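Residue-level structure breakdown
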Amino acid sequence: MKNPLDVMYHEHEIIQKTKKIIQEINNLWTKNEQEYREVVTKLVLFFSEYADGYHHRKEEEVLFPAIKSHPDFILQEIIDEFEQHHEDFRTYASEIKELLEENEFEKSYKVLNDYLNDLLDHIAAENEELFVLADSLLDDNQKESLYFRFMDIDREIGEDNKTNFEKYWV
C-alpha cells in the first residue's frame, strides 16, 4: 500500500531544510545585498510553489476533507486552525517580497525568521497530531486513494519542478 502520509512527512523534511539556509543569511545584506536578495527570493519562491503549491494544496484539497468527512472525526477546529496557518504563511511570503522590493532587508529577515518559526511549529503539530490522527482514522484503501490523488496533484503542477525544488537545499 502507498501511504500518503509518507509523502507528507517527506515534504516536511524538505521544507525544514530551509532553517539552515535562513540562519546562514542572517546579516548577509550588510555584506552583499544582491546575494541576500537572491537567496530570499529563492526561499519565497520555494515556500510559495513547493510548500504552498504542492504540500498545502494536498492538505487542503485532499487530506483535510478526507479527515473532516470521517464519521469518527470530531475536532473540526483543528483543521480550521491548520488552514488559517496556511493563509498566514501566504501573507508572510507576500510581506517578505514587498520588504525586499523596498530594500528593507533587516525587516524582511525578521519576517522570514518569524515565518520559519511558525512554519516549523506548524510542521511539528501536523507530524505529531494531524498525521497520527489521519493514520488512525483512515483505512488502507482510503490512504491508497489519497496517495494517488496526491500524485495527481504532483503531475498536474509538474513532477520535474517538484524534484528540482527538492534539490534546492541539498
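Look above for the structure.
All of the points below concern the structure found in this document. (Residues numbered from 1 in each chain as written. Predicted model: local features only at pLDDT ≥ 70, side-chain atom pairs only at ≥ 80, totals over all residues. Heavy atoms only, no water.)

With a phi angle near 70°, asparagine 27 is a residue other than glycine that sits in the positive phi range. Here asparagine 27 shows up in the loop between helix H2 (18-24) and helix H3 (28-31). Of note, the phi angle at asparagine 103 is positive, near 60°, even though the residue is not glycine. Residue placement: asparagine 103 occurs in the loop between helix H5 (76-101) and helix H6 (105-137). (Helix = DSSP H or I, 4+ residues; strand = E, 2+ residues; numbered from the N terminus.)

Before going further, it helps to spend a moment on the pattern of salt bridges. Counted by the stated rule, this structure contains 14 salt bridges. Residues aspartate 154 and lysine 58 are paired through a salt bridge, measuring 2.6 Å at the closest nitrogen-oxygen approach. You can see aspartate 154 sitting in helix H7 (residues 140-157) and its partner lysine 58 sitting in helix H4 (residues 33-68), a full 96 residues away along the chain. As far as burial versus exposure is concerned, aspartate 154 and lysine 58 are alike and both buried. Across the pair glutamate 60 and arginine 90 runs a salt bridge whose closest N-O atoms are separated by 3.0 Å. Of this pair, glutamate 60 sits in helix H4 while arginine 90 is found in helix H5, placing the two residues 30 residues apart along the sequence. Through salt bridges with shared partners, a single ionic network connects Glu11, Lys58, Asp154 and Lys162. (Salt bridge = Lys/Arg side-chain N within 4 Å of Asp/Glu carboxyl O. Buried < 20%, exposed > 50% of the residue type's maximum accessible area, 1.4 Å probe, protein only.)

Once that is clear, we can look at a negative patch on the surface. The grouping of Glu95, Glu98, Glu101, Glu102 and Glu104 at the surface amounts to a negative patch. Note on placement: glutamate 101 falls in helix H5. You can call glutamate 101 exposed: its relative accessible area is 63%. (Patch = residues over 30% accessible without salt bridge, like charges linked within 9 Å, V, L, I, M, F, W, Y side chains within 5 Å. Areas by Shrake-Rupley, 256 points an atom, 1.4 Å probe, with all protein chains shown as cover. Lys, Arg positive; Asp, Glu negative; His and termini not counted. Charge placed at Lys NZ, Arg CZ, Asp CG, Glu CD.)

A separate point is the packing of aromatic side chains. Taken as a whole and judged by the stated rule, the model has 16 aromatic pairs. Arranged with centres 5.1 Å apart and planes meeting at 10°, the rings of phenylalanine 46 and tyrosine 50 form a pair that is stacked. Taken together, the positions of phenylalanine 46 and tyrosine 50, both in helix H4 and four residues apart, correspond to about one turn of that helix. When its relative accessible area of 0% is taken as the criterion, phenylalanine 46 is described as buried. The class for tyrosine 50 is buried, based on a relative accessible area of 0%. Positioned over the ring face of tyrosine 168 is lysine 42, at 4.5 Å from the centre of the ring. (Phe/Tyr/Trp six-rings, centres within 6.5 Å; stacked < 30°, edge-to-face > 60°. Lys NZ or Arg CZ within 6 Å of the ring centre and 35° of its normal.)

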